[in-house]
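# Structural description and commentary
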Amino acid sequence: MQKVGVVGGGLMGSGIAEVCARAGLDVIVVESTEASAEAAKGRMTKSLERAESKGKIESAAAVLEGIRFVTDLEQLHDRDLVIEAIIEDEEIKTQLFRDLDRIVASPDAILASNTSSIPIMKLGVVTSRPERVIGIHFFNPVPVLKLVELVPSIVTDPAVTEIARTFVEGTLGKEAIDCKDRAGFVVNALLIPFVLSGIRMVESGFASPEDIDKGLVLGAAHPQGPLALADLIGLDTTKAVAESLYEEFKEPLFAAPPLLNRMVEAGLLGRKTGRGFYTYN
Ligand SMILES: CCCCCCCC(=O)CC(=O)SCCNC(=O)CCNC(=O)[C@H](O)C(C)(C)COP(=O)(O)OP(=O)(O)OC[C@H]1O[C@@H](n2cnc3c(N)ncnc32)[C@H](O)[C@@H]1OP(=O)(O)O
Ligand SMILES: NC(=O)C1=CN([C@@H]2O[C@H](COP(=O)(O)OP(=O)(O)OC[C@H]3O[C@@H](n4cnc5c(N)ncnc54)[C@H](O)[C@@H]3O)[C@@H](O)[C@H]2O)C=CC1
């Protein structure tokens, strides 16, 4: 696993590319436009400069040299591993997996998804090699959080899961947990009801975002409360993940509350647009 491709250089893709480059791998990031490729590079530069200023890496510039930013998916033809981190949309992701199946040449390559909730089988089945498709699910912020969920589908080759485990634990120094291929896997299946319950509390006027978050931070030792967490993740992603879980389990706890829907329609997506439950500079 020396040559890695990351498709999507947003919040997660830029973090995944960063940790791969910091591990000394040859990384290509594919974005959809020149402007978004520039934005991905800017995000990574900022994060790497912060790591350099804290003495965690020797040189941000040297790490950046190991990453190429492109807009042409065909550049991924020689990759050993491709990790998809584009928006949480089943139709767009399945089209991407069809394209990756055509482009990535080696039959030994692994096609992975960082999806938060879409069952891996739905992505594997559109390729000619579902046994080489797996979920490798990182957590935000990727350079900080240690966990990765490994999600083989029911037809993923067990050898592929073990190669992915060695990559995640050996190469990247993260810790893996094994999950069954069910929408939301382990962590998001628990986090979504928590975050949506916080949003429902705000919606009903039960308590303010500030008080709910303060309650969870000071009363339950969470690093941040559910509303600040939703702003960090992105309200569009939170809604998309809730919808995948609701589609799979038909459980009311996973149903997106109207306030979340209205905020997404208004473009109040959290940190990434400068306003969600809180405002940001
Ligand atoms: C929810 C339902 C829907 C989910 C659907 C999608 C989501 C998923 O699929 C899976 C997920 O990722 S779920 C979300 C998981 N993430 C969390 O729970 C984050 C919880 N929050 C935190 O860890 C801290 O508040 C946090 C680290 C964010 C900030 O910590 P602090 O408040 O202590 O702030 P700092 O003192 O600035 O930071 C502490 C250390 O972390 C470094 N850092 C912070 N943000 C960073 C970033 N974006 N990139 C790189 N490094 C970062 C910071 O430099 C500092 O480092 P040290 O000084 O060395 O300790
Ligand atoms: N936001 C979070 O906290 C987490 C998100 N995830 C998952 O990671 C994936 C990405 O999420 P984020 O990074 O938050 O989203 P984001 O919106 O920050 O980034 C998505 C990026 O993909 C790019 N993109 C869209 N279509 C593309 C295509 N066809 N080819 C190349 N690039 C394309 C967009 O330009 C954008 O930069 C989603 O599947 C999400 O569920 C997983 C863990 C945590």
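What you are looking at is a predicted structure, and each value in this text was computed from that prediction instead of being measured.

The environment of ligand 2 is formed by 23 residues, the closest being Met12, Glu31, Glu88, Lys93 and Ser116. Note that an oxygen atom of ligand 2 is positioned 3.2 Å from one of the backbone N or O atoms of Ile86. Within the contact set of ligand 2, an oxygen atom lies 3.0 Å away from a side-chain nitrogen or oxygen of Asn114. Protein contacts shield 83% of the accessible area of ligand 2, which totals 830 Å² for the unbound molecule. Put simply, the parts of the chain that give the shell around ligand 2 at least two residues each are α1 (11-22) and β6 (133-138). Partitioning the shell around ligand 2 into residue classes produces 9 nonpolar, 10 polar and 4 charged.

On average, residues of the chain carry a pLDDT of 97, and 100% of them reach 70 or more. Scoring of the predicted complex yields 0.97 for pTM and 0.97 for ipTM.

Now for the pattern of salt bridges. The final tally for this structure, using the stated rule, is 17 salt bridges. Glu88 serves as the salt-bridge partner of Lys93, at 3.7 Å between the closest nitrogen and oxygen. Relative accessible area serves as the criterion here: at 1%, Lys93 is assigned to the buried category. Given a relative accessible area of 16%, Glu88 falls into the buried group. Close ionic contact of Lys122 with Glu247 constitutes a salt bridge, the shortest N to O distance being 3.5 Å. Placement of the pair is Lys122 in helix α5 (residues 120-124) and Glu247 in helix α10 (residues 235-249), with a sequence separation of 125 residues. Connected through shared salt-bridge partners, Lys3, Asp26, Arg68, Asp78 and Arg79 make up one network.

Taken together, 22 residues surround ligand 1, and among them Lys54, Lys56, Ser116, His137 and Asn140 come closest. Here a nitrogen atom of ligand 1 and a side-chain polar atom of Arg50 are 3.2 Å apart. Between ligand 1 and Gln224 there is a distance of 3.1 Å, counted from a nitrogen atom to a side-chain nitrogen or oxygen. Taken by itself ligand 1 offers 1200 Å² of open surface, and the protein chains cover 67% of this. Secondary structure elements with two or more residues in the shell around ligand 1: α2 (34-53), α7 (187-203) and α9 (226-233). With 4 residues, the single largest contributor to the shell around ligand 1 is α7. Considering only residue class, the shell around ligand 1 consists of 13 nonpolar, 6 polar and 3 charged. The residues that make up the shell around ligand 1 include at least three from each of domain 1 (3-178) and domain 2 (188-265).

Parameters and conventions
Residues numbered from 1 in each chain as written. Chains lettered and ligands numbered in written order. Predicted model: local features only at pLDDT ≥ 70, side-chain atom pairs only at ≥ 80, totals over all residues. Heavy atoms only, no water. Near = heavy atom within 4 Å. Polar contact = N/O pair within 3.5 Å; in protein donor to acceptor, adjacent residues only side chain to side chain. Areas by Shrake-Rupley, 256 points an atom, 1.4 Å probe, with all protein chains shown as cover. Helix = DSSP H or I, 4+ residues; strand = E, 2+ residues; numbered from the N terminus. Nonpolar A, V, L, I, M, F, W, Y, C, P; charged D, E, K, R; others polar. pLDDT = per-residue confidence, 0-100. Salt bridge = Lys/Arg side-chain N within 4 Å of Asp/Glu carboxyl O. Buried < 20%, exposed > 50% of the residue type's maximum accessible area, 1.4 Å probe, protein only. Domains from an automatic or database assignment.

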